[in-house]
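# Understanding the architecture of this molecule
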Amino acid sequence: MEAYVSLTVNNNVGYVEFFHPNRNSMPSDILSKLEQKIKEAGQNENVKVIVLKSGGDRTFCAGASFNEVIAIDNEEKGMQFFSGFANVINAMRKCPKLIIGRVQGKTVGGGVGLAAATDYCLATKYASIRLSELSIGIGPFVIEPAVSRKIGKIAMSQMSIDAETFYDSEFAKEKGLYADVFETTEALDDAVKTLAEKVAGYNPEALAEMKKVMWKGTEDWDKLLIERAKISGRLVLSEFTKNTLKRFR
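Below you will find a few notes about this structure. Owing to the predicted nature of the structure, the values given are computational and were not obtained by experimental measurement.

Here we take up helix α3 (residues 75-94). With 20 residues, α3 ought to run about 28 Å at 1.5 Å a step, and its terminal C-alpha atoms sit 27 Å apart, in line with that. Of all 20 residues that make up α3, 14 are buried, and the element is covered over most of its length.

Okay, here's the thing in structure tokens:
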């Protein structure tokens, strides 16, 4: 199957879905399309609440596309690539609609950032999480504000330092990333649909005001996340990172 990002609307719920055949990894074009679809859903009068999901039945998101990361050969290109994640997170943050995350499987790096940037996130028991960036010589700099905001600085630091370990869905639930965890994808989808359609029936003005309250204190993220992208864009050129990434060719 080819990569895609789509928006479908059903019962006033906007389902934004992304897919990439390489475990839902995120190259620049998919990140850009995802940013635009979130903005589109946010401005669609028929959408009262958004569900963010990925295609396939296994990995939710494998994070950055290693194929594209390996090809980065200067700091400007590096900054531009990692800004893709910054732009998606900021689009989610500034979206006037509440965003419900639907995480059906493992999620790594930038994928954890996407889950953390949702306003409410549901998952299956298979949805373990990992922040692997330090193990390849960079760090979760762009997504750190979103992850720390959701699970706390201590848990974020633990995951960042223990960069090769998957933390299970119960850990993610205990720390606040997931509101609830389900045994099967079918049970997850039922719960997501029920919740989203219920929330879609609430006062839209109240929902918009609640979104502002929930994200208060993040107004500097437009600048902050781009500054973080510059750090990653510089580190990805390091000899350590280049040598490590060769293993993924």
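Here the narrative resumes.
On to the pattern of salt bridges. Throughout the structure, instances matching the rule amount to 15 salt bridges. Put simply, Glu40 and Lys37 hold a salt bridge, and the shortest N to O gap is 3.5 Å. One end of the pair, Glu40, and the other, Lys37, are both in helix α1 (residues 28-43), three residues apart, so they sit about a helical turn from each other. By relative accessible area, Glu40 is classed as partly exposed at 39%. The closest approach of N and O atoms between Asp222 and Arg93, which form a salt bridge, is 3.2 Å. Linking Asp222 in helix α10 (residues 221-235) with Arg93 in helix α3, this pair joins segments that are 129 residues apart in sequence. On the accessibility criterion, Asp222 (37% relative accessible area) is partly exposed. Its relative accessible area of 9% is what places Arg93 among the buried residues. Salt bridges linked by common partners bring Arg93, Lys94 and Asp222 together as one network.

Moving on, we come to the environment of Ile70. Inspection of the secondary structure assignment puts Ile70 in helix α2 (residues 66-71). With a relative accessible area of 12%, Ile70 lands in the buried category. Along the backbone, Ile70 and Val236 are 166 residues apart, and their C-alpha atoms lie at a distance of 8.3 Å.

Below, the discussion takes up the layout of surface pockets. Over the atoms rolls a probe the size of a water molecule, and its path tells where empty space is left. Put simply, the largest pocket is a space of about 630 Å³. Looking at the largest pocket, it is lined by 34 residues, and the ones nearest its centre are Ala62, Phe66, Val108, Arg130 and Ser132. Broken down by secondary-structure element, the contributors of at least two residues to the lining of the largest pocket are α2, α3 and β5 (107-108). At three residues, α2 tops the list of elements feeding residues into the lining of the largest pocket. Class assignment for the residues of the lining of the largest pocket results in 16 nonpolar, twelve polar and six charged.

Here we come to the packing of α3 against helix α4 (residues 110-117). Where α3 meets α4, the axes come as close as 9 Å, and the angle between the chain directions of the two elements is 10°. Judged by the inter-axis angle, α3 sits roughly parallel to α4. Where α3 approaches α4, its residues Phe85, Val88, Ile89 and Met92 are matched on the opposing element by Gly110, Gly113, Leu114 and Ala117. Of the residues that constitute the contact of α3 with α4, the class distribution is six nonpolar, two polar and no charged.

So, on to the sheet that holds strand β2 (residues 13-19). With mixed pairing, six strands are arranged side by side in an open sheet as β1-β2-β3-β4-β6-β8. Unpaired on one side and paired on the other, β1 (4-10) and β8 (180-182) mark the two borders of the sheet. Taken over all neighbouring pairs, the strand axes of this sheet differ in orientation by 20° on average, direction set aside.

Moving on: the packing of aromatic side chains. Summed over the entire model, instances satisfying the criterion amount to six aromatic pairs. Ring centres of Phe18 and Phe60 lie 5.5 Å apart, and the angle between their planes is 75°; this geometry places the pair in the edge-to-face category. Taken as a pair, Phe18 in strand β2 and Phe60 in the loop between β3 (49-54) and α2 lie far apart in primary sequence, 42 residues in all. Here Phe18 and Phe60 have matching classes, each one buried. Here Tyr167 and Phe171 contribute two aromatic rings whose centre-to-centre distance is 4.7 Å and whose plane-to-plane angle is 40°, an arrangement assigned as tilted. You'll find Tyr167 and Phe171 in the same group, each marked buried. A cation sits over an aromatic face here: Lys106 above Phe166, 4.5 Å from the ring centre. Lying across the ring of Trp215, Arg149 places its NZ or CZ 3.6 Å from the centre.

Criteria and cut-off values
- Residues numbered from 1 in each chain as written.
- Predicted model: local features only at pLDDT ≥ 70, side-chain atom pairs only at ≥ 80, totals over all residues.
- Heavy atoms only, no water.
- Helix = DSSP H or I, 4+ residues; strand = E, 2+ residues; numbered from the N terminus.
- Expected span 1.5 Å × (residues − 1).
- Buried < 20%, exposed > 50% of the residue type's maximum accessible area, 1.4 Å probe, protein only.
- Salt bridge = Lys/Arg side-chain N within 4 Å of Asp/Glu carboxyl O.
- 1 Å grid on protein atoms, 1.4 Å probe; cavity = no way out; pocket = protein on both sides within 12 Å on 5 of 7 lines; lining within 4 Å.
- Points joined across faces, edges and corners; volume = space filled by probe spheres on them.
- Nonpolar A, V, L, I, M, F, W, Y, C, P; charged D, E, K, R; others polar.
- Axes fitted to C-alpha atoms, helices over the stretch in contact; angles between N-to-C directions.
- Parallel < 35°, antiparallel > 145°, perpendicular 65-115°, else oblique.
- Contact = heavy atoms within 4.5 Å.
- Pairing = 2+ DSSP bridges.
- Phe/Tyr/Trp six-rings, centres within 6.5 Å; stacked < 30°, edge-to-face > 60°.
- Lys NZ or Arg CZ within 6 Å of the ring centre and 35° of its normal.

Don't take any of this as a statement about function, it's just geometry.
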